[in-house]
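This is what each chain is made of:
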Amino acid sequence: MRLLRYFSILLIFIMLAGSVSTVYAQDYRFQVPDHAVVVTVNVDGSISIDYTMTFINDSGAHEIDIVDIGMPSYDYDLKSITAEVDGQKINRITASDIVSPGISLYLQANTIPPGGTGVVHAYIPVVKNALYPATQQESESYASLEFWPHWYDSYNCYGNTNYQMTIVLPPGLKENEGRYYIPQNWPGIQEPESAFLEDGRIFYTWVSDQANKYSQYSFGATFPERLLNSGAVVTEPYVPPSE
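Residues numbered from 1 in each chain as written. Predicted model: local features only at pLDDT ≥ 70, side-chain atom pairs only at ≥ 80, totals over all residues. Heavy atoms only, no water.

Engineer: What exactly am I supposed to notice about the overall build of the protein here?
Structural biologist: Regarding its fold elements, the protein presents zero helices and 17 strands. In the protein, which comprises 243 residues, the share counted as buried stands at 51%. In the protein, once contacts between residues fewer than 6 apart in sequence are set aside, the share between residues at least 24 apart is 78%. (Helix = DSSP H or I, 4+ residues; strand = E, 2+ residues; numbered from the N terminus. Buried < 20%, exposed > 50% of the residue type's maximum accessible area, 1.4 Å probe, protein only. Contact = heavy atoms within 4.5 Å.)

Structure below.
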C-alpha cells in the first residue's frame, strides 16, 4: 500500500482536542501505562472518538474519582456519551469545569484508590463539524482532520505509556487516495501501520511505547471530499460559544 506523507503546514487545526487537565489542589498523582484512542471519520463530517486508558494511582495520592477528557470543540452530544471503569457503567457524565471544552467522568462507587489500578473506557459517538478543507494541491477537493488526543498535566501524570492512536477514514476510499500527516512531537515511527478493515475502510495506526500521557501529540489525515455528504466540510473558522 502506497502511503504519502505530508507536513500539516497550513491545515486549519482542531486545536482544542487535547486540552490539558490541571488539578494541582487535589494531589492527584498517577501513571497511564496503556492508552488507545480511535477516531472514526463519519460521512456527515462528524467524528466518533473512543478512548481506553489504564490508570495506576500512586500510593498516598488522592483517589481517582473523576476522569476529565478534552473535546475537539463544543459540538459534541453530551447525552450520547457512554463510559465504563473496569467494565462498570459510569452513570454521571457532565461537562468538565477543568477542561474546556471537555467532559468529566464521575467514577463514584468505582473510584481508583491509592495504589490501585483501573481501566477507563469512554465513547463519544458524535463530534460535529470536525473536517476542514485540505490545503495540499490534489487533482480533486480533499477534506482533512487533525486531532490532538487528550493529555494530562505533568504535575499529576508521569511515566511512559504504551500509546496507540488510530484514525479510521470514511468508506469508499481507494488504496492510494488517503494521506496522513506526519505526527507532531511524536516519539515513535512517523509512518503509521495501515490496512483495510472488514467493512472496507482504511485505517492509520501509530504505536509507541516511548510516548506518555502528559505530552501533546497531533495526528491527521486527508482524503477525497467526494466520500462525504454534501456540505460536510466546514468552510468557516470555528468560533466557540460565548460564555
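We are not done yet, so read on.
Engineer: So what exactly am I meant to see when it comes to the pattern of salt bridges here?
Structural biologist: Close approach of charged atoms allows side chains with opposite charge to pair. Scanning the entire structure with this criterion turns up four salt bridges. The closest approach of N and O atoms between glutamate 138 and arginine 179, which form a salt bridge, is 3.1 Å. You can see glutamate 138 sitting in the loop between β10 (132-133) and β11 (142-147) and its partner arginine 179 sitting in strand β14 (residues 179-184), a full 41 residues away along the chain. For glutamate 138, a relative accessible area of 18% translates into the label buried. Accessibility expressed as a relative area gives 8% for arginine 179, which makes it buried. Across the pair glutamate 140 and arginine 226 runs a salt bridge, and its minimum N-O distance is 2.9 Å. Of this pair, glutamate 140 sits in the loop between β10 and β11 while arginine 226 sits in the segment after β17 (218-224), and the two are 86 residues apart along the sequence. With relative accessibility at 30%, the residue glutamate 140 sits in the partly exposed group. What emerges from the salt-bridge pattern is a single network uniting Glu140, Glu177 and Arg226. (Salt bridge = Lys/Arg side-chain N within 4 Å of Asp/Glu carboxyl O.)

Engineer: Would you explain the nonpolar core in this entry?
Structural biologist: One recurring pattern in soluble globular proteins is that nonpolar side chains are buried together. Among the nonpolar cores identified, the biggest contains 55 residues, and Phe55, Val67 and Leu105 are the most heavily contacted of them. Setting aside its immediate chain neighbours within four residues, leucine 105 contacts Asp65, Ile66, Val67, Ile69, Ala83, Ile90, Arg92, Ile93, Val120 and Ala122. (Core = buried A, V, L, I, M, F, W, Y, C linked by side-chain atoms within 4.5 Å.)

Engineer: I keep staring at the packing of aromatic side chains and nothing clicks. Help me out?
Structural biologist: Centre distance and the angle of the planes are the two values used to describe a pair of aromatic rings. For the coordinates displayed, the defined rule picks out eleven aromatic pairs. Centroid distance tryptophan 186 to phenylalanine 219: 5.2 Å. Interplanar angle 75 degrees. Geometry classified as edge-to-face. Of the two residues, tryptophan 186 is situated in the loop between β14 and β15 (193-196) and phenylalanine 219 in strand β17; the sequence distance between them amounts to 33 residues. Here tryptophan 186 matches phenylalanine 219 in class, with each residue buried. In textbook terms, an aromatic cluster arises when at least three aromatic residues are bridged by ring pairs, as seen for Tyr163, Tyr180, Trp186, Tyr204, Trp206, Tyr217 and Phe219. Here the basic side chain of arginine 92 rests over the ring of tyrosine 106, its NZ or CZ set 3.9 Å away from the ring centre. (Phe/Tyr/Trp six-rings, centres within 6.5 Å; stacked < 30°, edge-to-face > 60°. Lys NZ or Arg CZ within 6 Å of the ring centre and 35° of its normal.)

Engineer: Sorry if this is basic, but what is going on with the pairing of strand β7 (residues 92-95) here?
Structural biologist: On any regular strand, side chains alternate: one points to one face of the sheet, the next to the other face. As judged from the four bridges shared by β7 and strand β8 (residues 102-106), these two strands associate in the antiparallel manner. Across the sheet, arginine 92 pairs through a bridge with tyrosine 106, a residue of β8. Counted along the chain from β7 to the antiparallel partner β8, the turn is six residues long. (Pairing = 2+ DSSP bridges.)

Engineer: Explain the sheet that holds strand β4 (residues 66-70) here, please?
Structural biologist: Strand pairing within a sheet occurs via backbone hydrogen bonds; the two strands may be parallel or antiparallel. Spatially, β4-β8-β7 is the arrangement adopted by the three strands of the open sheet, whose pairing is antiparallel. Of all the strands in the sheet, just β4 and β7 have a single pairing partner and so form its edges. Across the sheet, the mean angle from the axis of one strand to that of its neighbour is 20 degrees, orientation sign disregarded. (Axes fitted to C-alpha atoms, helices over the stretch in contact; angles between N-to-C directions.)

Engineer: Help me out: how do you make sense of the pairing of β17 in this one?
Structural biologist: Taking burial as the measure, the seven residues of β17 include seven buried ones, the bulk of the element. Relative to β17, β14 is paired through four bridges, and the arrangement is antiparallel. Within the sheet, the bridge partner assigned to tyrosine 180 lies in β17 and is alanine 221.

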